[in-house]
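Descriptive analysis of the structure
So you can see what is in the structure, the chains are spelled out below.
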Amino acid sequence: MRALGLFLLWIVALPAAGKPCVDCHAGAAERSWALSKHGVIAGIEAGRERRRAPDCATCHLVEAKAPTAQHYSAKRTRAQAREAAMESCRACHSPRYATEQNAAAQRGLAIGEMKRREAEALVAVARTEISGEELAHIEKLFATLRDGNLRDLRLGLAHQSPDYQWWLGQAALDGSLLRIKGALGESRRLRQQSGAAAGPGSPRAR
């Protein structure tokens, strides 16, 4: 009975093609879905009377269990919302497959969070060592990692979008982390050179 209900919801939601969602969520959320396996199939089947691929409403209406998507309310944790969203996966895929994909996504997110924590620790050190434009540059790099790269990774994992999981997710996180390490290392190198040039007896070295 549940599967029938989800199937009917799917049929009702498909003609909308996610248009109301895109009105507010244009950008990374829209692109990550469009580049996902489901999004590519939806693009191929655009205009057909019957379509196989889910759109925004197919998953998010089930996730919210409401006539309009409420996303993550204060009364529901992300874990509970994720489990509810998996009901839409099970409408087409086996429970085993849905569980495996969710577990893989959680592993990917854990790796991303590990990179964020490493970057956060480096920024904390930078705040004790440097200031001014050098620190502002490192802070900007960290903001890109935290608010851009990690967001894209989450979207890629949730939408099953390879580009957003890897190139715009994990690889971009690696790049931002390396740039933070490089900026901090360069700042230290320049300070060492400046101290050596000043000499032990100069006023600058005192």
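Presented here is a report on the structure given in the accompanying data block. No experiment lies behind these values; they were computed from the predicted model shown.

The rules behind these values
Residues numbered from 1 in each chain as written. Predicted model: local features only at pLDDT ≥ 70, side-chain atom pairs only at ≥ 80, totals over all residues. Heavy atoms only, no water. Patch = residues over 30% accessible without salt bridge, like charges linked within 9 Å, V, L, I, M, F, W, Y side chains within 5 Å. Areas by Shrake-Rupley, 256 points an atom, 1.4 Å probe, with all protein chains shown as cover. Salt bridge = Lys/Arg side-chain N within 4 Å of Asp/Glu carboxyl O. Helix = DSSP H or I, 4+ residues; strand = E, 2+ residues; numbered from the N terminus. Buried < 20%, exposed > 50% of the residue type's maximum accessible area, 1.4 Å probe, protein only. Core = buried A, V, L, I, M, F, W, Y, C linked by side-chain atoms within 4.5 Å. Contact = heavy atoms within 4.5 Å.

On the surface, Trp166, Trp167 and Leu168 cluster together to form a nonpolar patch covering roughly 390 Å² of accessible area. Along the polypeptide, Leu168 turns up in helix 9 (residues 162-198). For Leu168, a relative accessible area of 36% corresponds to the partly exposed category.

Further remarks concern unusual backbone geometry. Phi is positive for Gln160, close to 60°, though the residue is something other than glycine. Mapping Gln160 onto the fold places it in the loop between helix 8 (132-159) and helix 9.

Attention now goes to the nonpolar core. Ranked by size, the top nonpolar core spans 20 residues in total, and within it Ala119, Ala126, Ile138, Leu145 and Ile180 carry the most contacts. Of all the secondary structure elements, the ones that give two or more residues to this core are helix 7 (95-129), helix 8 and helix 9. The element contributing the most residues to this core is helix 8, with 8 residues. Those residues in contact with Leu145 that lie beyond four places of it in its chain are Arg116, Ala119, Leu150, Leu173, Ser176, Leu177 and Ile180.

This part covers the pattern of salt bridges. In total, this model carries 12 salt bridges according to the counting rule given. For Glu129, the salt bridge is made with Arg191, and the minimal N-O distance between the two is 3.2 Å. Of this pair, Glu129 sits in helix 7 while Arg191 sits in helix 9, and the two are 62 residues apart along the sequence. The class for Glu129 is partly exposed, based on a relative accessible area of 32%.

Attention shifts here to the environment of Val40. By the element assignment, Val40 lies in helix 4 (residues 37-44). Owing to a relative accessible area of 43%, Val40 belongs among the partly exposed residues under this scheme. Expressed as a C-alpha distance, the spacing of Val40 and Ala53, which sit 13 residues apart in the sequence, is 8.6 Å. With residues up to four places along the chain from it excluded, the contact list for Val40 reads Ala34 and Leu35.

Treat this as a map of the structure, not an account of what it does.
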